[in-house]
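For reference, the chains in residue letters:
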Amino acid sequence: MTRVICAGILVAATMKAGAAHAATLSVEDFTFEGPLGSQGATIERVAENHFKVSLGAAPGHPDWNNRPQFTILRNAKGNNLRLDVVFDGGPDYYFNEYAFSYSYDNETWHPVHWQNGPKVDKQRDTLIFPVFEQDVVYVGHQVPMSYEKLSELVANWGKSPFVKVHILGKSIEGRDLFRLEITDPASSVPREKRWVHYFANQHPGEHNSQWRMAGMIDWMLSDAAAAFRQRTICHFVPMMSPDAPSKGWYRVNAEGYDMNRTYRHTGADNEKQAHEACIVQSDLEVLMASNTPPVTAWSIHTWGGKTDPRIIAGPEMTEEKLGPWTKFRDLLDKYDANDVVRTLEEWPLKEENANQWTEGTHMQFGITTILCEGGGALYTKEENVESGQVLMKALADYYRGTRE
């Protein structure tokens, strides 16, 4: 009798220990489809919890890789993961320049870094993840932002009385192109006397810059920005190529256009431009022809280092008016308590870059344009959001008063 009881206890203990030990990951546990995906990626098992991913190429660019974004659907808890990533199409736009992130809930993101980086090899590298704490894991480029997450943010921002959400049109795959207009409709300042600023993200895979813009919007809606909202109108286009996150496209839309090479300083043209770019530029042209035209146009991007703004100054940035652009530079440094933004520099106007959104908007309209790059070394959502808040605080301080 005692032996039977002991045997039963032993069996139960063995079953409990087995249940606590995670099942190893298999190829079937991974998907490269969904809100964060990687078009054309394939995966194969190398060893236990060790896999190799071969990347697909962007539309129209066999030498441009798609970013290795994926979801682990099950069995992640208790396992670590070694992921070898390869792309044989070409080294021009490598996948291992920036950190990646993983999350259990699509809200809190943790950075994970490449073992080598592009200085060692631009076509092969490895991510090694810590032991996972949950079964389902999301992995994306930089601090990723899916179209679905953007739609959720827009819906929440749209509840504010200070926000008007404009749907400019549809992407090629039918997703909404959003522009958020933020101002205080109850302000005593006439609309035509308010300063107007315009912000747009062109490259869809530069997600850190999209979180930077989210920080700008959050600050605009805060109590600290109440006076700024009364004298200002801000327009935000947070994702110009919303079909991209589910495919891992870094720079392009479904037609294969590099989305920062799609501006036409001679005017929008639906036969000569990327589909989404034409919709957005046409909308900007309507704003510029209104009685509340923007005085600045910002192109929002990511490259290495801290957030890195570069300016082509417009007519209001003179000693006789608001002060030179260096005054704005000094305000940025003043508000950057945690050193997340590089010191503002001038950006030389190159007419051969008229198809880019910084040079193109300046050449077409003569307004201040800012190429807001950087942020690749800001590894958390919170740091990128903070950099956007710094930019807006300086903007609010520089553009005091009302327009002439």
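An account of the accompanying structure is given in this report. (Residues numbered from 1 in each chain as written. Predicted model: local features only at pLDDT ≥ 70, side-chain atom pairs only at ≥ 80, totals over all residues. Heavy atoms only, no water.)

Glancing now at the packing of aromatic side chains. Tallied over the full model, the rule gives 19 aromatic pairs. The interplanar angle of 55 degrees and the centroid separation of 5.7 Å between the aromatic rings of Phe 32 and Phe 70 together place this pair among those described as tilted. Of the two residues, Phe 32 is situated in the loop between β1 (30-31) and β2 (42-47) and Phe 70 in strand β6 (residues 70-72); the sequence distance between them amounts to 38 residues. Judged by relative accessible area, which is 0%, Phe 70 ranks as buried. (Phe/Tyr/Trp six-rings, centres within 6.5 Å; stacked < 30°, edge-to-face > 60°. Helix = DSSP H or I, 4+ residues; strand = E, 2+ residues; numbered from the N terminus. Buried < 20%, exposed > 50% of the residue type's maximum accessible area, 1.4 Å probe, protein only.)

Packing of helix α5 (residues 275-288) against helix α7 (residues 357-365) leaves a shortest axis separation of 12 Å and a crossing angle of 35 degrees. Handedness of the α5/α7 crossing: right-handed. Of α7, the residues touching α5 (which contributes Ala 277, Val 280, Gln 281, Leu 284, Glu 285 and Met 288) are Trp 357, Thr 361, Gln 364 and Phe 365. Grouping the amino acids of the contact of α5 with α7 by side-chain chemistry returns six nonpolar, three polar and one charged. (Axes fitted to C-alpha atoms, helices over the stretch in contact; angles between N-to-C directions. Left-handed = near helix turned anticlockwise from the far one by under 90°. Contact = heavy atoms within 4.5 Å. Nonpolar A, V, L, I, M, F, W, Y, C, P; charged D, E, K, R; others polar.)

A separate point is the sheet that holds strand β11 (residues 137-141). Consider a sheet: its strands pair through backbone hydrogen bonds, and that pairing is either parallel or antiparallel. The five strands are arranged β1-β6-β11-β8-β9 in an open sheet whose pairing can be described as antiparallel. Looking at the sheet topology across the chains shown, the edges are occupied by β1 and β9 (110-112). In this structure, β6 lies alongside β11, joined through three bridges in antiparallel fashion. What sits directly across from Thr 71, in β11, is Tyr 138. (Pairing = 2+ DSSP bridges.)

Our focus in this paragraph is the pairing of strand β19 (residues 368-373). Extensive coverage of β19 is indicated by the burial of six of its six residues. Residues Thr 368, Ile 370 and Cys 372 point to one face of β19 and Thr 369, Leu 371 and Glu 373 to the other, with burial holding for every one of them. Direction of pairing for strand β16 (residues 296-300) relative to β19: parallel, over a ladder of five bridges. Looking at β19, one finds that Trp 298 is bridged to Ile 370. One ladder, built from five bridges, connects strand β17 (residues 308-312) with β19; its direction is antiparallel. Residue pairing in the sheet places Asp 308 in a bridge with Glu 373 of β19.

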